[in-house]
Each structure stands twice: as structure tokens, then as C-alpha cells.
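# Structural characterization, general
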Amino acid sequence: MAIAFRCRCGKLQGEIEPAAAYLRAVCYCSDCQAFARALDREQDALDPNGGTDVVALRPDGLRFTAGREQVTCLSLSPKGLLRWHSACCHTPFANTPREPKLPYVGVLASCMAAGPEALDAAFGPRRIALGTASARGEVAATPVRTTLGVMRVMWGVLLAKLGRRRSNPFFDAATSQPIVEPRVLTREERAEAGRVR
Ligand SMILES: [Zn+2]
Ligand SMILES: [Zn+2]
């Protein structure tokens, strides 16, 4: 069964197929924290330790069902990941590489319209912790699970490429360009977003 996601105000809506998921992980890295902070959405997107609960999946497993014109993105640096959010209410909802040739999207569990049990059932529990050096408070690293998780993502990406699953709702199929021009944060904005509170 598809899991719905939506921005805070509800204009932007979509759904993802659990079968397309590679992995679920909680990322505590400073960049993911900066993304939430740049949008002033730390309360919604981050757990008390600054972690972002992310489900990595094949991009063809995600579709927008309403408000696609609200989809926009920023980047923390000129070569950084594209960090997708809604224009209407600044809800962070996904991360992708800058090009579609790597079939990967990380969707934030915080925007999914499902309770904790439904998320666990669809994607497995939160058992992998990434970027724990930047966590607020004590968060145990999960080196073995992380290594296995990275391998699972690589394997999934490889299968997706072999299976020619090319549809990717974040990029124009003809030009391979992002569907909106990414806004790259200025150094000042990045410094502000990265400030530890
Ligand atoms: Zn909205
Ligand atoms: Zn991160």
C-alpha cells in the first residue's frame, strides 16, 4: 500500500511505494540539520537529537498527486545535494543527487501521513544512524548496519539502473535538468543555517 506524504499546509501531496524503498536511516549530519534550519522547520523535521528520519528509494516509486507547482529546492552549496521542499509552507520533504543518473531519492519521514507503526511496517524501524558525530546529545553510531545499509543502497541503485527504471519526478526527462532551478544558499545563509543552537 502506498504511503502518502504532504506539506504542512496540504497543498503539495504525493505518495511513495514501499516496494521501491532501499533503506530507512536517521541522519544526524550537519547538512541535514542545516536544511531544516534554513527553512525554519527544525521542529517538524528533526528529532530531539537533530536527526532526520529518511527513507531512501528509487525515484520511480514516488509521485506527486497534488500541488506539483509548489515543488522547489535549495542546495547548501553549488555542488551539494538538491534539497526539495514546498514553496507554499517551506516543508522539507526530500533529497536527491544533482543529476538523475543516480536513481536515488531520500524522503523525510516527517512529511509522511502515517503513524510510527505504519512507517515501521512499511520501511522497517529506525535502526541505522548516520552522521552521529554531529548529533546533539549521545547517539550511538551503527557502523555494521551502516555499512550493510550503504551496500543495500548501492545494490538497489544498480538494479534500478539495470532495470531501466528511468522515471524520476524531480528531473525533466528530456533535459535531465531539475524541474526547478535550485536556489544555492549564499555563504552567509549557509553559515546562519549551520549555526549550532
Ligand atoms: Zn504547503
Ligand atoms: Zn544528512
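The model shown is predicted, which means the values in this text are computed figures rather than measured ones.

### Quick look at the sheet that holds strand S4 (residues 52-57)
Ordered in space as S10-S3-S4-S9-S8-S7-S6-S11, the 8 strands form an open sheet in which the pairing is mixed. Lying at the two open borders of the sheet, with one neighbouring strand each, are strand S10 (129-130) and strand S11 (183-184). Relative to strand S9 (residues 105-108), strand S8 (residues 92-96) is paired through 2 bridges, and the arrangement is antiparallel. Considered in S9, the bridge of Asn95 is made with Gly106.

### Some points on the sheet that holds strand S5 (residues 62-66)
Neighbouring strands of a sheet are bound in pairs by backbone hydrogen bonds; such pairs are parallel or else antiparallel. Read from one edge of the open sheet, 3 strands run S1-S2-S5, paired in antiparallel fashion. Of all the strands in the sheet, the pair left with one neighbour each is strand S1 (3-6) and S5. Strand-to-strand twist of the sheet, defined as the mean angle between neighbouring strand axes without regard to direction, takes the value 30°. When S1 meets strand S2 (residues 13-16), the two strands line up antiparallel, connected through 4 bridges. If you follow Arg6 over to S2, its bridge partner there is Gln13.

Rules used in this analysis
Residues numbered from 1 in each chain as written. Chains lettered and ligands numbered in written order. Predicted model: local features only at pLDDT ≥ 70, side-chain atom pairs only at ≥ 80, totals over all residues. Pairing = 2+ DSSP bridges. Helix = DSSP H or I, 4+ residues; strand = E, 2+ residues; numbered from the N terminus. Axes fitted to C-alpha atoms, helices over the stretch in contact; angles between N-to-C directions.

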